[in-house]
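Working through the structure, step by step
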Amino acid sequence: MILGRITLTGLLAIAGASSFAIAAEPETDMECFDTVVFATIGRQIPSELPKAEPDTIIMSWPWFLDLNVQEVLRGQAPMGRLTVLSVQHTYIRENLGPQRWWLRRNSLGAFNALTFGDGGKDLARCKAGTSPAEPYIEPPEGKSLADFIRETERANRK
């Protein structure tokens, strides 16, 4: 299961309806990973569900995940809590225990989650010098990713 794919319809709905952010379609020719970590899921925060036309079905949209990194298996990533961007339909079961997570660095200085479990075994490692991927969602101008997550969390509580 690749988490980082957004359909064009879903992408347009996100980009056109959200006042908070701009979503970016992952570049399919750059399906490589930068790091693999062994981690459990902590917090899962869905971004605001995009408003869409009545005949539109939104199957997945950007989420914020806090992973509790226990070990870095390949590449480089910090240990402990690591916030990553994901594209999901619903919450990922938190009782799965530690899993391997394939991550791709993005231009925000964070990571996009590509997949977890055994889903990334066929992904290639990004070559040295590969540009960062576009993030699945970006905070509005003048806001940090942490600001954006806090705003999204507050909006989800309403």
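Structure first, text after, so check above.
So, how was this worked out
- Residues numbered from 1 in each chain as written.
- Predicted model: local features only at pLDDT ≥ 70, side-chain atom pairs only at ≥ 80, totals over all residues.
- Heavy atoms only, no water.
- Helix = DSSP H or I, 4+ residues; strand = E, 2+ residues; numbered from the N terminus.
- Buried < 20%, exposed > 50% of the residue type's maximum accessible area, 1.4 Å probe, protein only.
- Contact = heavy atoms within 4.5 Å.
- Disulfide = S-S within 2.5 Å.
- Phe/Tyr/Trp six-rings, centres within 6.5 Å; stacked < 30°, edge-to-face > 60°.
- Salt bridge = Lys/Arg side-chain N within 4 Å of Asp/Glu carboxyl O.

Secondary structure summary: the protein contains two helices and nine strands in total. In sequence order, the secondary structure elements of the protein are arranged as α-β-β-β-β-β-β-β-β-β-α. Split into buried and exposed, the 158 residues of the protein put 46% on the buried side. Within the protein, contacts between residues at least 6 apart in sequence are counted, and of these 68% link residues at least 24 apart.

What follows covers the state of the cysteines. Per the stated rule, a full pass over the model turns up one disulfide. A disulfide bridge connects C32 with C126, and the sulfur atoms are separated by 2.0 Å. Its torsion about the S-S bond being 90°, the disulfide of C32 and C126 is classed as right-handed. Here C32 is found in strand 2 (residues 32–33), whereas its partner C126 is found in the loop between strand 8 (124–125) and strand 9 (137–138), with 94 residues between them in sequence. Judged by relative accessible area, C126 falls into the buried class, the value being 10%.

Tallying each qualifying case throughout the model produces four aromatic pairs. Ring plane angle 85° and centroid distance 4.8 Å describe the contact between W63 and Y91, whose orientation is recorded as edge-to-face. With W63 in strand 4 (residues 61–74) and Y91 in the loop between strand 5 (80–88) and strand 6 (99–105), this pair connects stretches of sequence that are 28 residues apart. The exposure class of W63 is buried, given its relative accessible area of 2%. Between the aromatic rings of W101 and F116, the centroid separation amounts to 4.8 Å while the plane-to-plane angle is 25°, which identifies the pairing as stacked. Separated by 15 residues along the polypeptide, W101 in strand 6 and F116 in strand 7 (residues 111–116) bring together distant segments of the chain. The class of W101 is buried, set by a relative accessible area of 1%. Here the aromatic cluster, defined as three or more aromatic residues joined through ring pairs, consists of W61, W63 and Y91.

According to the stated counting rule, one finds nine salt bridges in the structure shown. Between R100 and D118 there is a salt bridge, with its nearest N and O atoms 2.3 Å apart. Here the residue R100 occupies a position in strand 6, and D118 occupies one in the loop between strand 7 and strand 8, the gap between them amounting to 18 residues. Using a relative accessible area of 33% as the deciding quantity, one classes R100 as partly exposed. Notably, a salt bridge pairs D147 with R150, separated by 2.5 Å at the nearest N-O pair. Remark: R150 and D147 occur in helix 2 (residues 145–157); sequence separation between them is three residues, near one turn of the helix. Note on D147: relative accessible area 25%, which makes it partly exposed.

No statement about biological role is implied by the geometric values presented.
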